[in-house]
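Residue-level structural notes
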Amino acid sequence: MAPRKNAKGGGGNSSSSSGSSSGGSSSPGAGTSGGSSSPGARRETKHGGHKNGRKGGLSGSSFFTWFMVIALLGVWTSVAVVWFDLVDYEEVLGKLGIYDADGDGDFDVDDAKVLLGLKERSASEPAVAPEEAEPYPWLEGQVPEDSGPRNIEDEVEEQIQPLLHEAVYTEHGDDVPQEEDGQAREPQPEDDDFLVGSDADDRFEPLETRTFHEETEDSYHVEETASQAYNQDTEEMMYEQDNPDSMEPVVGDDERRYHEADDLTYQDYDEPVYEPSENEGLESSDNAVEESNIILEEVHVPPAEEQQEVPPVKKKKPKLLNKFDKTIKAELDAAEKLRKRGKIEEALSAFQELVRKYPQSPRARYGKAQCEDDLAEKRRSNEVLRGAIETYQEVASLPDVPTDLLKLTLKRRSDRQQFLGHMRGSLMTLQKLVQLFPDDMSLKNDLGVGYLLVGDNNNAQKVYEEVLNVTPNDGFAKVHYGFILKAQNKIAESIPYLKEGIESGDPGTDDGRFYFHLGDAMQRVGNKEAYKWYELGHKRGHFASVWQRSLYNVQGLKAQPWWTPKETGYTELVKSLERNWKLIRDEGLAVLDKTKGLFLPEDENLREKGDWSQFTLWQQGRKNENACKGAPKTCSLLDKFPETTGCRRGQIKYSVMHPGTHVWPHTGPTNCRLRMHLGLVIPKEGCKIRCANETKTWEEGKVLIFDDSFEHEVWQDAASFRLIFIVDVWHPELTPQQRHSLPAI
């Protein structure tokens, strides 16, 4: 670097000299047009005289000439400094980075305003030096095409969920966005001599086989895995086409979705966080609660902006270089500069060369992992991302890894494993993190999420109990602990944890999932405050309206509780169902014979009481061939209608409900489908269904159509069983590309 600067400096001096020479030709002592003077003229000038005999002195034109000389010198010097890169602005601005108050990686006017108290600091934008920036391309759920690199300290602060609006969760309100910064991290230890062992065995852990239900509320999993219900040996979701219209939550910095009824997940590579517009949903949504005769009172929860605000805290700059890496800092900085400028392939080559030269350098290998991470996002390649995950592990396995770099590396590795669906591997990485940093409660919170994502609610509960014993006011732990209690059907016990967690305003708590579960729990104990929380969730952008509370939505779709066949455009399907209703009924009744055991009890915790069973023919757009053997004519009939058999966010099934059954008010997971109910065996009275604030009854041979993303509730108080046929169809306003690319639910 030094020889280069000298060379540049020479160029600058050369320019300056040139400027001086040109200026000399116009100096007061200049002669005639050539700029040369005779000896006599020089002597005359020496004695202070002029040829015209006047006394020597500077004229007005001479002042102007020298002014121009100085101006030209300044211009050329400035050009030389910039053109030849004589000043390392990255280094200068990096030192000012500790005063970065708005999280943009440098010190500027906005930062000065924050420091002077003229502008509020954003809690989600920590200050960090530019030299430690790292892109974090997709966890936020919504990624601008030109998104620049993120700061490394952002990653130190990030949650596994994002966010978990960020969220996605994003997260997701964002959203998932948007979901998502995680808990504030505690001061990080500075053990520069820490050694962590290799963990090759957990890199590609297969997903645990699971059963997916339509509306199970109390499981916690990632949406990508939902479409794997019929292909459990597939470990990761492939990158799909971008779908700008999809507005669904993700887990992030975050997130990263909790009940199977809503198929909640933390993140989806292609889908930004759901942010419903103010006028989305029912036109009467603002009056929905009033129409249901429920009077809202003020819920005292800080606004979303306030929730994310944290009093400015002087943060310690993470230490990412060990003693050896400090000796090669110039080479590391040069490679990192390429990465920050978006020259990912060149940066990757540079870091690969550094790893070859210095195989024991943690920072060089971490830079290689970052470049592979960035390249995976750029190419949308799972293969490249798997390589990044492996390289992150290599970093953690090296000797003398700085503590901050070790924590950052393992957190990022866990997050990327989770993104690919390697939930078991991610969990093992989180367990290692907690083992290494047992006093970091934010890591324990992440570990709890890791357990939830593999369906291990018991261990997740233990983790959150540990956190709450140490930090009883941890809002993130409270909402998750409340969720677990609700999943255990401890409805009343879950309410204070969910409520206090949301009210805490802690990062990761302002999430539609928690408003959803709190309201649902309150409804089940008869607490009318449920609608206050639904209303607040709507105001915060988590729900399209008080009634329409699905969390996986495409923005801008027509939203109304009840539909006519003509409005759907699926009139041929409706006519076919109504013409053949007796055939469908007879096959359903034949299957209903309990000795065949094909109708399975509803086990999704939606019933207050009673007996409700279902027999499924299609799930997530996949035909159940074995089930169709029990109703072959019905399946043959439906094969002609791809709007239902290809609906990967729905089901086709028989549903039988016996007397004395009540189904709690609930909502479906998405606004991307409509639900048809064909009446097969309907008692004369006692059976009814409410969707939003309108109640209807079934008729044999007739189809009812409603949008199940709106709250609906069912009563069966007749003297005999009720049998209907449920047919889900894509929302008619979805494009063919959306129907093809939306993940299954």
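Structure's up top.
Structural notes, computed from the coordinates. No experiment lies behind these values; they were computed from the predicted model shown. (Residues numbered from 1 in each chain as written. Predicted model: local features only at pLDDT ≥ 70, side-chain atom pairs only at ≥ 80, totals over all residues. Heavy atoms only, no water.)

For any two helices packed against each other, the geometry is given by the interaxial angle and the distance between the axes. Between helix α11 (residues 344-357) and helix α12 (residues 362-379), whose axes approach to 8 Å, the crossing angle comes to 155°. Taken together, the axes of α11 and α12 lie roughly antiparallel to each other. Note on packing geometry: the crossing formed by α11 with α12 is left-handed. Only Arg363, Ala364, Arg365, Gly367, Lys368, Cys371, Glu372, Asp374, Leu375, Lys378 and Arg379 of α12 make contact with α11, whose side of the interface consists of Ile344, Glu345, Ala347, Leu348, Phe351, Gln352, Leu354 and Val355. Of the residues assigned to the contact of α11 with α12, the class counts are nine nonpolar, two polar and eight charged. (Axes fitted to C-alpha atoms, helices over the stretch in contact; angles between N-to-C directions. Helix = DSSP H or I, 4+ residues; strand = E, 2+ residues; numbered from the N terminus. Parallel < 35°, antiparallel > 145°, perpendicular 65-115°, else oblique. Left-handed = near helix turned anticlockwise from the far one by under 90°. Contact = heavy atoms within 4.5 Å. Nonpolar A, V, L, I, M, F, W, Y, C, P; charged D, E, K, R; others polar.)

The next subject is the pattern of salt bridges. Think of it this way: side chains of opposite charge can pair up when their charged atoms draw near. Summed over all chains, the structure comprises 35 salt bridges. Its salt-bridge partner being Asp373, residue Arg412 comes within 2.8 Å of it at the nearest N-O pair. Pair noted here: Arg412 is in helix α14 (residues 403-420) and Asp373 is in helix α12, with a separation of 39 residues, a long-range link. Asp373 gets classed as buried once you look at its relative accessible area, which sits at 0%. Salt bridges sharing partners connect three or more residues here, namely Glu336, Arg339, Arg363 and Asp374. (Salt bridge = Lys/Arg side-chain N within 4 Å of Asp/Glu carboxyl O. Buried < 20%, exposed > 50% of the residue type's maximum accessible area, 1.4 Å probe, protein only.)

Further remarks concern the pairing of strand β8 (residues 651-657). With seven of seven residues buried, β8 lies mostly within the body of the structure. On β8, burial covers both faces: Gln651, Lys653, Ser655 and Met657 on one face and Ile652, Tyr654 and Val656 on the other are all buried. As paired strands, strand β6 (residues 612-619) and β8 are joined by seven bridges and run antiparallel to one another. When the bridges of β8 are listed, Gln614 appears paired with Ser655. In the sheet, β8 pairs with strand β15 (residues 722-730) via six bridges, with the strands oriented antiparallel. Within β15, the position partnered with Met657 by the bridge is Arg722. (Pairing = 2+ DSSP bridges.)

For the pair helix α16 (residues 441-453) and helix α17 (residues 457-470), interaxial distance at closest approach is 7 Å and the crossing angle is 160°. For the element pair α16 / α17, the angle class is roughly antiparallel. The handedness of the crossing between α16 and α17 comes out as left-handed. Residues Met441, Lys444, Asn445, Leu447, Gly448, Val449, Tyr451 and Leu452 of α16 form the contact with α17, whose participating residues are Asn457, Asn459, Ala460, Val463, Tyr464, Glu466, Val467 and Val470. Broken down by class, the residue content of the contact of α16 with α17 amounts to ten nonpolar, four polar and two charged.

Read these as spatial facts, not as claims about activity.
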